[in-house]
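Observations on the model geometry
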Amino acid sequence: PDAQVGAVVRNVHKGCRQVLQQYLKLEPIIASTEGDKVTVETGFDPAAIRLVGKVQGDPPFEGVLRHHGWRLSMVKLPELKNKEVVLPAEVEL
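We now turn to the structure provided with this report. Counting from 1, residues in each chain are numbered in the order their sequence is written. Predicted model: local features are reported for residues with pLDDT of at least 70 only, side-chain atom pairs are reported and counted for 80 or more only, and whole-chain, interface and lining totals are derived from all residues. In computing side-chain properties, one takes all heavy atoms of the structure into account and sets aside hydrogens as well as water.

Moving on: the overall build of the protein. Secondary structure is summarised from DSSP: a helix means a run of H or I of at least four residues, a strand means a run of E of at least two, and numbering begins at the N terminus for each. Of the regular secondary structure elements, the protein holds 1 helix and 4 strands. Listing each helix as α and each strand as β along the protein from the N terminus yields α-β-β-β-β. A radius of gyration in this sense is built from C-alpha atoms; the matching globule rule multiplies 2.2 Å by the number of residues raised to 0.38. Relative to the compact-globule value of 12 Å for 93 residues, the protein shows a C-alpha radius of gyration of 21 Å, a clear excess of over 25%. Overall, the protein is about 70 × 40 × 20 Å in size when its C-alpha atoms are taken along their principal axes. For the protein, the proportion of its 93 residues judged to be buried stands at 10%. Two residues qualify as a contact provided that any one of their heavy atoms is within 4.5 Å of a heavy atom in the partner residue. Sequence-distant contacts, at least 24 apart, represent 66% of the contacts inside the protein between residues at least 6 apart. Surface exposure here means Shrake-Rupley accessible area, sampled with a 1.4 Å probe, where a residue is shielded only by the protein chains that are shown. Entry remark: accessible area of the protein is about 8600 Å², with carbon and sulfur atoms responsible for 55%. When charges are counted, Lys and Arg are positive and Asp and Glu negative, with His and the chain ends excluded. A charge is said to be at NZ when it belongs to Lys, at CZ for Arg, at CG for Asp and at CD for Glu. Here the protein holds 12 positive side-chain charges and 12 negative ones, and the gap between their average locations is 4 Å. Whether a residue is buried, partly exposed or exposed follows from its accessible area with a 1.4 Å probe, protein chains only, as a fraction of its type maximum: under 20%, in between, or over 50%, in that order.

Right, let's talk about a nonpolar patch on the surface for a bit. Patch definition: residues with relative accessible area over 30% and no salt bridge; like charges joined within 9 Å; nonpolar side chains (Val, Leu, Ile, Met, Phe, Trp, Tyr) joined within 5 Å. When a carboxyl oxygen of Asp or Glu is within 4 Å of a side-chain nitrogen of Lys or Arg, the pair counts as a salt bridge. Together, Leu26, Trp70, Leu72, Val75 and Leu77 make up an exposed nonpolar region whose accessible area comes to about 530 Å². Take the nonpolar patch: its biggest share by element is 3 residues, from strand S4 (residues 70–75). Within the element layout of this structure, Leu26 appears in strand S1 (residues 24–28). The class for Leu26 is partly exposed, based on a relative accessible area of 49%.

By the element assignment, Arg50 lies in the loop between strand S2 (37–40) and strand S3 (61–64). Classification of Arg50 by relative accessible area gives exposed; the value is 73%. Separated by 29 residues in sequence, Arg50 and Glu79 have C-alpha atoms that sit 34 Å apart.

Here's what the structure looks like:
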């Protein structure tokens, strides 16, 4: 039933969130609240800030923040002994 599938998915999502929080730290690219007016200054990184709508001229640009974006501020992955093996095969004896 749908309720049972939903319960399983919520547990999977909870586990994924815990793993992400353990190994990665995310922070907003623009610290303002979505919906706020923001200014995109000259020299902005186009890989970090995507301009949408009617873009004309040169920066600075003023607009409304639709999504603050995410960037990794910390990556702490475990050391892999064999970098080719992501997860070993398992054989029960």
